[in-house]
Amino acid sequence: QPRPVGFKFHAVLVIHAAHQASLASTDKDRWLPLLWSIDYFKSAQQTNQMQGDWRMAPVDESKLPAPGQARQRFIEAMDNWDVEAADRAIAAWARCGSLSEIFEVFWRYGARDFRDIGHKAIFVANAWRVLQVIGTQHREPVLRSLAYALLDHEGSNPAKRDDLRDRIGRDNLARLGQFQQFRHAGQLDAKVPADLLAGLRRATPAEG
């Protein structure tokens, strides 16, 4: 189960890193990251069984939106934190949309809130990386799992309350339009990155 996005789910999140470690290893060590990943996965699988043996439900084919509506339905469902609608929409969109187009939307939702201490963004990035390796024909279950994970939250529907963890993402999204006018302004200055980092460490989320 990809909730919470961490803990036993690290077995999924580390797959691409283990693959990269294997490729970078010497011949005699190449199997170590892969065997470690298998061991980690089996341990996580056992934990999942102990916690209720969660499985992703089959897609309800009768309720899928039309291909031309899938993208918009998915965005609406994610904005409204509607798990069932998001699952139907992403299943339909996965079958007709390009992976680049789909992930262009997922990038935003991976960074919109800081629940699970940033693991949502990690899952988006690693889902993209893994699909480049194993093949995009495996996209549907991966994208369904990803959408389900990104909708993890506590308490009532976040779309209907003003939680600090959601407010920061909304505020940052509104700020995006300001970046275009500053993108190529001014002169290069080696001190700017250090000053920017120092400011971000001191600033509140709103000031940052």
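Check the entry above for the structure.
Read on for an overview of the structure.

1. Here we look at the nonpolar core
Core analysis: the largest hydrophobic core is formed by 35 residues, its most contacted members being Phe74, Phe103 and Phe106. Breaking this core down by element, the ones donating at least two residues are helix 4 (70-79), helix 5 (83-94), helix 6 (99-110), helix 7 (119-134) and helix 8 (139-150). Considering every element that reaches this core, the biggest residue donor is helix 5, with eight residues. Apart from residues no more than four positions distant in its own chain, Phe74 is found in contact with Ala86, Ala89, Ile90, Trp93, Val105, Phe106 and Ala147.

2. Focus on the packing of helix 2 (residues 15-24) against helix 7
The N-to-C vectors of helix 2 and helix 7 enclose an angle of 50°; their axes lie 9 Å apart at closest approach. Compared by their axis directions, helix 2 and helix 7 come out oblique. Where helix 2 approaches helix 7, its residues Ile15, His16 and His19 are matched on the opposing element by Asn126, Arg129, Val130 and Val133. Of the residues belonging to the contact of helix 2 with helix 7, the class tally is three nonpolar, three polar and one charged.

3. Concerning the environment of Arg73
By the element assignment, Arg73 lies in helix 4. When the C-alpha positions of Arg73 and Ile90 are compared, they lie 8.6 Å apart, and in sequence the two are 17 residues distant. With residues up to four places along the chain from it excluded, the contact list for Arg73 reads Pro65 and Ala89.

4. Points about the pattern of salt bridges
For side chains bearing opposite charge, pairing can occur when the charged atoms are close. Applying the stated rule across the entire model yields 18 salt bridges. The partner of Asp53 in a salt bridge is Arg55, and the shortest N-O contact between them spans 3.3 Å. Taking the relative accessible area as the measure of exposure, Asp53 reaches 33% and is therefore partly exposed. For Arg55, a relative accessible area of 58% translates into the label exposed. Between Glu61 and Arg95 there is a salt bridge, with the nearest N and O atoms lying 2.8 Å from each other. Placement of Glu61 in the loop between helix 3 (31-50) and helix 4 and of Arg95 in the loop between helix 5 and helix 6 is noted, with a sequence separation of 34 residues between them. According to the relative accessible area criterion, Arg95 is partly exposed, its value standing at 44%. Salt bridges sharing partners connect three or more residues here, namely Asp113, Arg115, Lys120, Glu154, Arg161, Asp163, Arg165 and Asp166.

5. Structural notes on the side chain of Asn126
The residue Asn126 is located in helix 7 in this model. The class of Asn126 is buried, set by a relative accessible area of 11%. Polar contacts involving the side chain of Asn126 include one to the side chain of Arg129, which spans 2.9 Å. Not counting chain neighbours up to four residues away, the residues in contact with Asn126 comprise Leu13 and His16.

Quick notes on the rules
- Residues numbered from 1 in each chain as written.
- Predicted model: local features only at pLDDT ≥ 70, side-chain atom pairs only at ≥ 80, totals over all residues.
- Heavy atoms only, no water.
- Core = buried A, V, L, I, M, F, W, Y, C linked by side-chain atoms within 4.5 Å.
- Buried < 20%, exposed > 50% of the residue type's maximum accessible area, 1.4 Å probe, protein only.
- Helix = DSSP H or I, 4+ residues; strand = E, 2+ residues; numbered from the N terminus.
- Contact = heavy atoms within 4.5 Å.
- Axes fitted to C-alpha atoms, helices over the stretch in contact; angles between N-to-C directions.
- Parallel < 35°, antiparallel > 145°, perpendicular 65-115°, else oblique.
- Nonpolar A, V, L, I, M, F, W, Y, C, P; charged D, E, K, R; others polar.
- Salt bridge = Lys/Arg side-chain N within 4 Å of Asp/Glu carboxyl O.
- Polar contact = N/O pair within 3.5 Å; in protein donor to acceptor, adjacent residues only side chain to side chain.

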